[in-house]
Amino acid sequence: MELNEIRCSMPPLVQSRLNEADHVRWTLTSNGQFSIASLWDKLRTFVPRVMWHKLAWFSGHILKCSIVTWIAIQNRLSTADRLVLFGLNISPQCSLCPGGESHDHLLFNCPFSQQVWGAIQTKLHVSWPPRSWDDWVTLLSDVKGKSRRTLITKLVFTIVVYYIWIERNVRKFQNLSCTWEVVFRKFALWLGPDFYHFTVVIGSSTRLDLGVLQFLLIP
């Protein structure tokens, strides 16, 4: 009896639909259909896009180099200064020289790293003024576009950062070491005949060598 009273008290529109079959409707889309994208947009936290994202992630990037660069840009590499802050009882000394190890020191101001970057400048017949890590990130984040020069600039940056970090880890964990000349040659090989995916990206079937680096967009 009570159920009938409830039914009769309902608006006519509702009463007319009581005999219809129930169906599920996803309220996050206009058509009522479920989508992963709509769920992800609901769950994730939206934050402003960082200015440096295309310095690490760009068309033609090398994944392992971009991952290391991405972590480094956020100052999240496990450098000695960060490990000390975490409470680890380790030496704060740089793995490549007697100085204190930080992102700024390791990647640009360490004598070892300076020699690698210096060899690149010598090869290009250019001279770059001293800059901090943060200044380099800010400067190169302004390099935009999809030109060949833009691609080469970003590749040089990410490849060198990657190889300096790898050399640091090899010395620290395997007790092995390379000279800065060897690290520079490893970097150069990426722009040589083995750098196949790069030749595809820039639309060239010819061998690449360090001569193309004259197009670098670094003032």
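Residues numbered from 1 in each chain as written. Predicted model: local features only at pLDDT ≥ 70, side-chain atom pairs only at ≥ 80, totals over all residues. Heavy atoms only, no water.

Trainee: Give a detailed account of the nonpolar core, specifying residues and quantitative values.
Mentor: L107, W117, I120, W133, F157, I159 and V160 are the most contacted members of the largest nonpolar core, which has 44 residues in total. Breaking this core down by element, the ones donating at least two residues are helix 4 (53-56), helix 5 (63-73), helix 7 (103-109), helix 8 (111-124), helix 9 (133-141), helix 10 (148-174) and helix 11 (180-190). In terms of residues, this core owes the most to one element, helix 10, which gives 12 residues. Discounting chain neighbours no more than four positions away, the residues touching W117 are L107, F108, W128, V156, F157, V160 and I164. (Core = buried A, V, L, I, M, F, W, Y, C linked by side-chain atoms within 4.5 Å. Buried < 20%, exposed > 50% of the residue type's maximum accessible area, 1.4 Å probe, protein only. Helix = DSSP H or I, 4+ residues; strand = E, 2+ residues; numbered from the N terminus. Contact = heavy atoms within 4.5 Å.)

Trainee: How would you summarise the confidence of the model for the protein chain if you had to cite specific residues and measurements?
Mentor: Mean pLDDT over the protein chain stands at 80; residues scoring 70 or higher make up 78%. The secondary structure element of the protein chain with the lowest average pLDDT is helix 12 (residues 196-201), at 34, and the one with the highest is helix 5, at 95. Contacts of residues 193-219 to residues separated by more than four positions or lying in other chains number 61 contacts, the stretch itself having pLDDT below 50. (pLDDT = per-residue confidence, 0-100.)

Trainee: Go over helix 9, please, and point to the residues and values.
Mentor: Those residues of helix 9 not exposed but buried are W133, W136, V137, L140 and S141. Each buried residue of helix 9 sits inside an arc of 125 degrees when the element is viewed along its axis, so together they form one side. Elements in contact with the buried residues of helix 9: helix 4, helix 5, helix 7 and helix 10. (Arc of directions from axis to C-beta.)

Trainee: Break down helix 10 for me, with residues and values.
Mentor: Taking 1.5 Å of rise per residue, the 27 residues of helix 10 would be expected to cover 39 Å, and the 37 Å separating its terminal C-alpha atoms lies within 8% of that figure. Within helix 10, 19 of the 27 residues are buried, which leaves the element mostly enclosed by the surrounding structure. The first or second residue beyond helix 10 is N175, which carries a positive phi of 55 degrees. (Expected span 1.5 Å × (residues − 1).)

Trainee: Tell me about the packing of aromatic side chains, and name the residues and values.
Mentor: Tallying each qualifying case throughout the model produces 12 aromatic pairs. On the basis of an interplanar angle of 55 degrees and a centroid distance of 6.1 Å, the ring pair of W57 and W70 is categorised as tilted. Here W70 lies in helix 5 and W57 lies in the loop between helix 4 and helix 5, a separation of 13 residues in the sequence. Measuring from ring centre to ring centre gives 5.2 Å for Y162 and Y163, while their planes differ by 70 degrees; the resulting arrangement is edge-to-face. Between the NZ or CZ atom of R131 and the centre of the ring of W136, over which it lies, the distance is 4.9 Å. (Phe/Tyr/Trp six-rings, centres within 6.5 Å; stacked < 30°, edge-to-face > 60°. Lys NZ or Arg CZ within 6 Å of the ring centre and 35° of its normal.)

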